[in-house]
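One letter stands for each residue in the lines below.
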Amino acid sequence: MEKIGIAVATKIVDYTAAPVGEWLCYSFRYSSNIESVKNQVEKLGLARDSVQHSIDAAIRNGEEIEGDVDKWLKEVDEIAELAKKVLDCEEEAKKKFCNGACLNLKLRHQVSKKAKKIVQDIGEVLENGRFDKVSYRLASQGIVTRSYMNYMDFESRMSTVKGLMEALGDANMNVIGMWGMAGVGKTTLARVVARQAKEEKLFEEVAMADVTQSPDLRRIQGEIADMLDLKFDKETVSGRASRLHERLSQDRKILVILDDIWEKLELETIGIPSKGCKLVLISRNRDVLFCEMGTQKDFGLEVLPKEEAWNLFENMAGDCVKDPNLRCVATEVAKECAGLPIAIVTVSKALKNKNLHEWKDALQLLRRPAPEHLTRMQSTIYSSIELSYSHLESHEVQYLFSRCAEMPFSVNYLDLLKYCYGLGTFHGINTLEETRNRLYRLVRNLKDSCLLLDCPHSSEDYHMHDVVHDVATLIASKVHNMIIVRDDDGLKETLDGDVLKRCKEFSIRGGDFHELPNEMECPELRFLYVNGGDRSLHIPENFFQGMERLKVLDFTQMQLSSLPSSLPFVKNLRTLCLDGCVLDDIAVIGELKNLVILSLLGSHISKLPREIGLLTHLRLLDLSNCSKLKVIPPNVLSSLVELEELYMGNSFVQWEAEGLNNEGNNANLAELNHLCHLTTLEIHIRDASSLPKDLLFEKLERYAIFVGDVWDWSDKRRASRTLKLKMNTGLHSGIGIKMLLKGTENLYLDELNGVNSVLHELDREGFQQLKHLQIQNNPDIKYIVNSRLWVIAFPALETFLLKNMTGLEEIYHGQLPLTSFGNLRVVKVEHCDKLKFVFSSSIARGLSQIEELEIRECNIMGAIVVKEGKMEDTDLILFPKLRCLALRHLPKLISFSSTQNSFITDAGEITNSEGKLDFYMPILHEQVVFPNLERLELSSIDLEDGQQYQHQTTSSSCKLENMRSTSRFQNLSHLEVQGSGNLKYLLSFSTARFMVQLKHLHILECKVMEEIIVTEDLGVVEEIIPNVLFRRLECLVLNNLPMLKRFCVGSNIEFPSLKQLRIEHCSKLKTFILKHVSSGMKAGKELMEMNGMDNPRSVVQPLFNEDVAFPSLEKLAISHMDDMEIIWHNQFAVESFCKLQTLKVECCENLTNYVFQSNMLA
C-alpha cells in the first residue's frame, strides 16, 4: 500500500508541477512580455506604413492591389486592436488591483499569457508582410480600356449586359445575337460580357473572332484555335474545321463570339457545331442575325442617351471641360458626336487639355460637310475620326494611320517596318534599328488615340476597329492619294479613269483577275501592292514602264514563273516583297541595286539566286517559312555586308561545314561573321558541329536561334530573344551562342553534354531576363541551381518546364535568396526519376504568383514541398494564386508537403530517423490550403496505407482529406481522380459542402473505392447531409469502380445543375443514394456498421430512388452494371429526370426486361 501511495503521489506531482510552473513563468515574465508587445506593435506600425505607401503609389499608377496584400492589412488591423486591448488591460491592472496582490497576480498571469501569444502572432504577420510587389497591372482588354469601360455602368448598357448574361445562363439558348450601327460599342460590350461570364464560371473558355466583310475562314479558325490553345495538324479548311468541331463539341463549356458578320456564314464550314458550345453573333444588320443566322434571341444596341453621352464625354475629356469658358463649346462638340461611343471617345481624347481656340476649331471641323455619298450618321463618324486624325502629333503618325488603312484586317509590325523603311517615311533616319524605334513610338501614339488596337494573341500584330478602318480608308484616299481596290468593279473603274495619274499608293486586295494591264501610267506611284489570291497571274513585260518613282513593290500569293524584264527599270525600288508566292526564275532581282528590303516570306522557292549577292545595300532579308529552300550558293550571305535583319526561321537548314571558301554548293555559318551590322537573326542549325568556334553575335537585339534537330517553328509568337539548344558537343563549340545567354528571354535546352548545373555553368549572374525555361533530355544535369554563389536566380521567370531529366536530383541545391523564382507562374515536371521533391517550403512561400503546377511520371518523388523546420499547426497557404494542380503517376508520393526532419530513402518513402513514417499525411492534407484552385487532377497516386495515422477509423483506409476550412476548395470547378489502388472513400460531407463551384467530378479506375462521400465522425446525419449537393455540378462520371456500393448515404438529396451522368463498369453499385435507417442515428460506429452492410438479396434496390433528384439532367449513360436490377421504381423525386433527353443503357446483364415503368411515360 505504501508503494501504491508513493506512486499516486508521484503522479499527482507530475500532473500539478508542470501547470504550476507554467503559470508562474507567465507571471514572472509579465514585464518582459508587455514590453515585447510594445516593441512588436511599433514594428508592425512601421511595416504597415511602408506597405501602405507602396499601395498608394500603385493606386496612383492605376494598378490593382494584390489580394494577399489586402488580406494582410486586415490581419494587421485585427492584431493591432488585440494588442491595444492587452496594453489597455495592463494599465487598468496597475490602477485597479494596487492593493490586491493575489488578484493582481492572477490578472498578471492572464495578461502575460495573452501578451506572449500576441508577440508570436505579430512576428508571423511581419514575416508574411514581406511582399516583392503589392500590385499588378490589368491585362490589356483590346478596345475595352479602363476609362472606356466606364460607359458600361450606364443604364442603357447595364440592361443589355443583364439580358445577355441571362441568355447565356439559359440552357435552352444556344445562339444569341447582338446588333447595332457601326461604332455603337457592340464589340466592347461583347468583351465585357464574355469576361463577366467567365468570372461567374458560366464558361470555362471564351473564344472570339472577327469575321469581317470578306471572311477568311482560315484566319477565323486560327483566331478561335489560338484562344482555345488548339493546334491544327491539317492545313485544309475542311481538315481544320473537323478538328475545331471536335474540340468545340467536348464536355467543357465554351463560349464562341463571332464579331462583324455581314452576311450568312456557314458555321459548319468553319468547324462550329450547332450544339456543344454557346454562340454570340454580332452584326450591324439584325436581319443577318435573325433571318440568316437563326439567332434565338437578339439584343439591339442604340446610341447613348443625351445625359449618358455627356457623362462619357466629360469623363474622357477630363477636368478641362469644367472650365466655365470652355464648357459651352464642349457641350456643343459632344452633341456633334450624336451619342455614338466611338465618336465620343475619339473626339474627347483628341481635345483633352486643349485650349478654347482648339475646341472652337474642332467644333467647326465637326460641322463641316463630309463626303457627299455618306449618310448623316456616317458623316458624324467620319468627322469624329477625322478630327482625331487631325490632332495626331505629326505628319509621320498621320501617314502611318493611312498606311494601316491600306493594309488588310491584321496590321503586321514587320510589314509596317518593311514598307516605311522602303518609302523613307521617317526623315533623318538611316538604319533599320532607328526605324524600329520611331515606328514603335508612332504605333504607341495611334494606340493611345484609340485609332489602333493590340491583337490579343500577338505582340507583332495590330488591328483597326472596322469603323475606324472605313474612315481611315476615306482619309487615305483624300489626303494621301491612296487607292484600295477590293473587287473587280473597283479595279475596272480605277484603271479606266485618270485617277492613276495622281495616285501615290495603289493596293489591289481582291477581285477575280488573271492578268495585270499592259501599261499603268502612274508617274507619282511610290507603293504598289497586289494580292493574286494564289492564282497564276500574267504580268506583261512592260508593266513597270511609267513607274519611275516606285519605291515599294509587294506581290503576295502569286504564281510567278519569272519577273518582268521591265522591273530593273524601276531604279528607285527599295522594298520588294514576294510573300507566299510560287517562284522560279527571279535572278533579275540582282539588278535592283538600290534594294534595301527583300522579303520572300512563305514562298515556294528551292534555290536562292546567286545574283542576290549583288544587293550590297540590302538591310533586311526575310526567308521565313521558305520550307522548300535547299540551296543558298556560297558567299551570297557574306556579300550582304549592310544587312541588319536576317529571318530564316522554318527555312533553309542545309549549312555546309565550316570554312568560307569551300567548294560546296551551299552557304556556311562562317559567312555570318561578315554581317557586322546584324541586329536581328532567326536561324535553324540542325547540326551543332557545324557551328564555327569564332561565330560571334555582338550586336544582336532580337534573335530566335535553334540548334539541333528536335526543334520546330510551330509557335506563332515571335519572341524577341529565344535560344533552343541541343548541343551534344557541349557549349564550348558555340562561344557566340553562350554570350547570348545572359540576355535571353526564352531558353530551351536539350542534351547539353558536360553541363551539371544550369545556373552555375551557363550564367553565373542568375538569368536575370529569362521568362521561359524548358529543359529536357539532359541526363548529366544534377541541379538547375547549385548555389555556390549567393545570387538572385531567375527573378523574371514565368514558365518552368522539366522533362526527361533522368539525372536531376534537386532543382536547387543549397540556399537561395527568397526573391528567386518570384515571378514564376507555370511549373511542369515530367519523367524526373531521381527527383525526390520540387520545392523547399522557404522557396515555396515566395512563389506567390504560381497559377499552374503539373508533376507527372516521377518514380521516387515523395512530396511536392519539403517543409523546413517544425511543422506548424496552422494552415499553410503555399500558392495563393494556384488555379490548376495535376499530380499524375507518382507511385511514392506520400504527401503534398513533408516535414524538414524527414529524409527520403532510395525506396522513396519519407521516414524519420527511427525508420517509421513521420505521421500520416494524405494528399492535400488539412495543413495545405489552395484558396483559388479551380482544377485538380490526381492520377495513379497510390496513397500510403497510413497505419500510423491514429485518428483513422478502422474501416476507412484513407480518404482524400478532411478539410475544415471554407477557403480550401471554395473555387474548385474540376476534380478528377484516376487510378488509385487503395482509396476507399473520396470526400467527407464537411469537405464536399465547401466545394460550391464544382462543375465537373470524374472518378475513374479506383479499384477499391466503395463510396464517394462518407459521413463517419461527423455527428448527427441530418445535420451534416445537405439537401442540395454540389449546387453547380454539371457533369459526373463514375467509371471502372468495381467495389463502389453507392455515391453516399442520405435522403432527399438534390443535384440541381447536373446535366450529364455517366456510370460505367461499377459492377457492385446497386443504389445511388442509400437512405439512412433512422433519423436519430449518430454518424459513428452505428453508421459505419450500416455502411459496411450489403442489402439482402430479397430486397431489390433501384439505382435511383426517391431520395435523389436530378431536375436538370439531360444525358444519362449506364453500362456494365452487373448487380443492377432496376433503374428506378414507380416513384422518384418530384421533377427529377424531367429534362432527360438522352438515355443509354447497355451491358447490364441482371437488369429486368424493362427500363421504364408504364406510368413513367404517361
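A quick note: this is a predicted structure, and the numbers were derived from the prediction, not measured. (Residues numbered from 1 in each chain as written. Predicted model: local features only at pLDDT ≥ 70, side-chain atom pairs only at ≥ 80, totals over all residues. Heavy atoms only, no water.)

1. Focus: the overall build of the chain
Scanning the chain from N- to C-terminus turns up 27 helices and 52 strands. In the chain, which comprises 1162 residues, the proportion classed as buried is 53%. Put simply, of all contacts in the chain between residues at least 6 apart along the chain, 70% involve residues at least 24 apart. Of the accessible surface of the chain, which amounts to about 52100 Å², a share of 48% is contributed by carbon and sulfur atoms. (Helix = DSSP H or I, 4+ residues; strand = E, 2+ residues; numbered from the N terminus. Buried < 20%, exposed > 50% of the residue type's maximum accessible area, 1.4 Å probe, protein only. Contact = heavy atoms within 4.5 Å. Areas by Shrake-Rupley, 256 points an atom, 1.4 Å probe, with all protein chains shown as cover.)

2. Structural notes on a nonpolar patch on the surface
On the surface, a nonpolar cluster with roughly 260 Å² of combined accessible area is contributed by Leu696, Ile735 and Met739. By the secondary structure assignment, Leu696 is in the loop between β20 (680-685) and β21 (702-707). (Patch = residues over 30% accessible without salt bridge, like charges linked within 9 Å, V, L, I, M, F, W, Y side chains within 5 Å. Salt bridge = Lys/Arg side-chain N within 4 Å of Asp/Glu carboxyl O.)

3. Thoughts on the sheet that holds strand β7 (residues 297-300)
Judged by pairing direction, the sheet is parallel, and its 5 strands sit side by side in the order β4-β5-β6-β3-β7 without closing on themselves. Edge strands, defined here as strands with exactly one partner in the open sheet, are β4 (205-210) and β7. Geometrically, the sheet is characterised by an average inter-axis angle of 15° between neighbouring strands, direction not taken into account. As defined by bridge partners, β4 adjoins strand β5 (residues 254-261) across 6 bridges and the pair is classed as parallel. Directly across from Val206, in β5, lies its bridge partner Leu255. Contacts from helix α6 (residues 186-199) reach β3 (175-179), β4, β5 and β6 (278-283) within the one sheet, and its direction differs from that of β4 by about 165°. (Pairing = 2+ DSSP bridges. Axes fitted to C-alpha atoms, helices over the stretch in contact; angles between N-to-C directions.)

4. A word on empty space enclosed by the protein
Using a probe with the size of a water molecule, rolled over the atoms, empty space left in the structure can be pinpointed. Following the criterion strictly, the structure yields 8 cavities of 30 Å³ or more and no others. If you go around the largest cavity, you meet 21 residues; those closest to its centre are Thr187, Asp210, Asp259, His465 and Asp466. Those elements giving two or more residues to the lining of the largest cavity turn out to be α6, β5 and α19 (466-480). Residues that form the lining of the largest cavity fall into these classes: 8 nonpolar, 6 polar and 7 charged. (1 Å grid on protein atoms, 1.4 Å probe; cavity = no way out; pocket = protein on both sides within 12 Å on 5 of 7 lines; lining within 4 Å. Points joined across faces, edges and corners; volume = space filled by probe spheres on them. Nonpolar A, V, L, I, M, F, W, Y, C, P; charged D, E, K, R; others polar.)

5. Here we look at the nonpolar core
Buried together is how nonpolar side chains tend to be arranged in soluble globular proteins. Core analysis: the biggest nonpolar cluster contains 184 residues, and Phe555, Phe839, Phe879, Phe1030, Phe1047 and Phe1104 have the highest contact counts within it. For this core, the element with the most residues is strand β14 (residues 552-562), which contributes 4 residues. The contact partners of Phe839, leaving out residues within four places of it in the chain, are Tyr812, Val827, Ala844, Leu847, Ile850, Leu853, Ile864, Val865, Val866 and Phe879. By size, the runner-up hydrophobic cluster in this structure holds 100 residues, among which are Tyr399, Leu432, Ala476 and Tyr529. (Core = buried A, V, L, I, M, F, W, Y, C linked by side-chain atoms within 4.5 Å.)

6. A look at the side chain of Glu396
Relative to the elements of secondary structure, Glu396 occurs in helix α16 (residues 395-406). Leaving out residues up to four positions away in the same chain, Glu396 has contacts with Thr425, Phe426, His427, Arg438 and Leu442.

7. A few points about the sheet that holds strand β9 (residues 453-455)
Taken in spatial order, the 3 strands of this open sheet run β8-β10-β9, and their pairing is antiparallel. Two strands bound the open sheet, and with one partner strand each, they are β8 (410-412) and β9. For this sheet the average axis-to-axis angle between neighbouring strands, irrespective of direction, equals 50°.

8. A closer look at the layout of surface pockets
Roughly 1200 Å³ of volume is contained in the second largest pocket. Every residue lining the second largest pocket is counted, 35 residues in all, and those nearest its centre are Ala171, Asn174, Lys253, Lys1059 and Glu1114. Classifying every residue of the lining of the second largest pocket gives 9 nonpolar, 11 polar and 15 charged.

9. Regarding the packing of aromatic side chains
Enumeration according to the criterion identifies 29 aromatic pairs in this entry. Between Tyr812 and Phe821 the ring centres are 6.4 Å apart and the planes differ by 45°, which places this aromatic pair in the tilted class. With a relative accessible area of 3%, Phe821 lands in the buried category. These aromatic residues form a ring-pair network of at least three members: Phe1047, Phe1055, Phe1072, Phe1104, Phe1110, Trp1128 and Phe1137. (Phe/Tyr/Trp six-rings, centres within 6.5 Å; stacked < 30°, edge-to-face > 60°.)

10. Notes on helix α5 (residues 155-169)
When the terminal C-alpha atoms of α5 are compared, their 21 Å separation across 15 residues agrees well with the 21 Å that a helix rising 1.5 Å per residue should span. Among the residues of α5, those classed as buried are Arg157, Thr160, Val161, Gly163, Leu164, Met165, Ala167 and Leu168. In this structure, the buried side of α5 is in contact with β3, α6, β5, β6, β7 and α13 (341-351). (Expected span 1.5 Å × (residues − 1).)

11. Topic: the packing of α5 against α6
Between α5 and α6, whose axes approach to 10 Å, the crossing angle comes to 50°. Classed by the angle they form, the pair α5 and α6 counts as oblique. As for how α5 packs across α6, the hand of that crossing is right-handed. Listed contacts from α6 to Arg157, Thr160, Val161, Leu164, Met165 and Leu168 of α5 are Leu189, Val193, Gln196 and Ala197. Its residues assigned to classes, the contact of α5 with α6 shows 7 nonpolar, 2 polar and 1 charged. (Parallel < 35°, antiparallel > 145°, perpendicular 65-115°, else oblique. Left-handed = near helix turned anticlockwise from the far one by under 90°.)

12. Comments concerning the packing of helix α12 (residues 324-336) against helix α14 (residues 356-366)
For the pair α12 and α14, the least separation of the axes is 10 Å and the interaxial angle reads 25°. One finds that α12 runs roughly parallel with respect to α14. Crossing hand, α12 versus α14: left-handed. Residues Asn325, Leu326, Val329, Ala330, Glu332, Val333 and Glu336 of α12 form the contact with α14, whose participating residues are Leu356, Trp359, Lys360, Leu363 and Leu366. Of the residues contributing to the contact of α12 with α14, the split by class is 8 nonpolar, 1 polar and 3 charged.

13. Considerations on a negative patch on the surface
Side chains of Asp584, Asp585, Glu591 and Glu611 sit close together on the surface and give a patch of like negative charge. With respect to the helices and strands, the residue Glu591 is situated in the loop between β16 (582-585) and β17 (597-599). (Lys, Arg positive; Asp, Glu negative; His and termini not counted. Charge placed at Lys NZ, Arg CZ, Asp CG, Glu CD.)

14. Here we look at the pairing of strand β24 (residues 772-776)
Counting buried residues along β24, 5 of its 5 residues qualify, which places the element largely inside the surrounding structure. Judged by which residues are buried, β24 turns out to be covered on both faces: His772, Gln774 and Gln776 on one side and Leu773 and Ile775 on the other are all buried. Where strand β23 (residues 746-752) meets β24, 5 bridges bridge the pair, whose relative direction is parallel. Each bridged residue has a counterpart across the sheet, and for Asn746 the counterpart in β24 is His772. Strand direction decides the pairing type here: β24 and strand β26 (residues 799-803), joined by 5 bridges, are parallel.

15. Quick notes on the pattern of salt bridges
Under the criterion given, the structure shown has 42 salt bridges. Between Lys117 and Asp121 there is a salt bridge, and its shortest N-O distance comes to 2.8 Å. Here Lys117 pairs with Asp121, and both are found in helix α4 (residues 101-128), just 4 residues apart, close to one helical turn. Its relative accessible area of 22% is what places Asp121 among the partly exposed residues. Arg702 is the partner of Glu433 in a salt bridge, and the nearest nitrogen-oxygen pair spans 2.5 Å. Highlighted residues: Glu433 in helix α18 (residues 432-448) and Arg702 in strand β21, separated in sequence by 269 residues. Via salt bridges that share partners, Arg403, Glu406, Glu505 and Arg526 belong to a single interconnected network.

16. Quick word on the environment of Asn1150
Here Asn1150 lies in the segment after β52 (1142-1146). Taking the relative accessible area as the measure of exposure, Asn1150 reaches 44% and is therefore partly exposed. Taking C-alpha positions, Asn1150 is 5.3 Å from Glu1125, a pair spaced 25 residues apart along the chain. One polar contact links the side chain of Asn1150 to the main-chain carbonyl oxygen of Asp1122, over a distance of 2.4 Å. (Polar contact = N/O pair within 3.5 Å; in protein donor to acceptor, adjacent residues only side chain to side chain.)

17. Re the side chain of Ser1119
Relative to the elements of secondary structure, Ser1119 occurs in strand β50 (residues 1115-1119). With sequence-adjacent residues up to four places away left out, Ser1119 is seen in contact with Ile1063, Glu1064, His1065, Glu1146, Cys1147 and Cys1148.

18. Things to note about α19
Here α19 is 15 residues long and its end C-alpha atoms lie 20 Å apart, about the 21 Å a rise of 1.5 Å per residue gives. Along α19, the residues classified as buried are Val467, Val468, His469, Val471, Ala472, Thr473, Ile475, Ala476 and His480.

19. Some details on unusual backbone geometry
Positive phi outside glycine occurs at Phe794, with the angle close to 50°. Take Phe794: it is sitting in the loop between β25 (783-786) and β26. The phi dihedral of Asn804 falls on the positive side, at around 55°, and the residue is not glycine. On the basis of relative accessible area, Asn804 is assigned to the partly exposed category, the value being 27%.

20. Here we look at the confidence of the model for the chain
Per-chain confidence: the chain averages 80 in pLDDT, with 81% of residues scoring 70 or above. Contacts for the low-pLDDT stretch residues 1-21, under 50 throughout, to residues beyond four places or in other chains number 0 contacts. For the stretch residues 903-922, pLDDT sits under 50, and the model shows 53 contacts to residues farther than four places along the chain or on other chains. (pLDDT = per-residue confidence, 0-100.)

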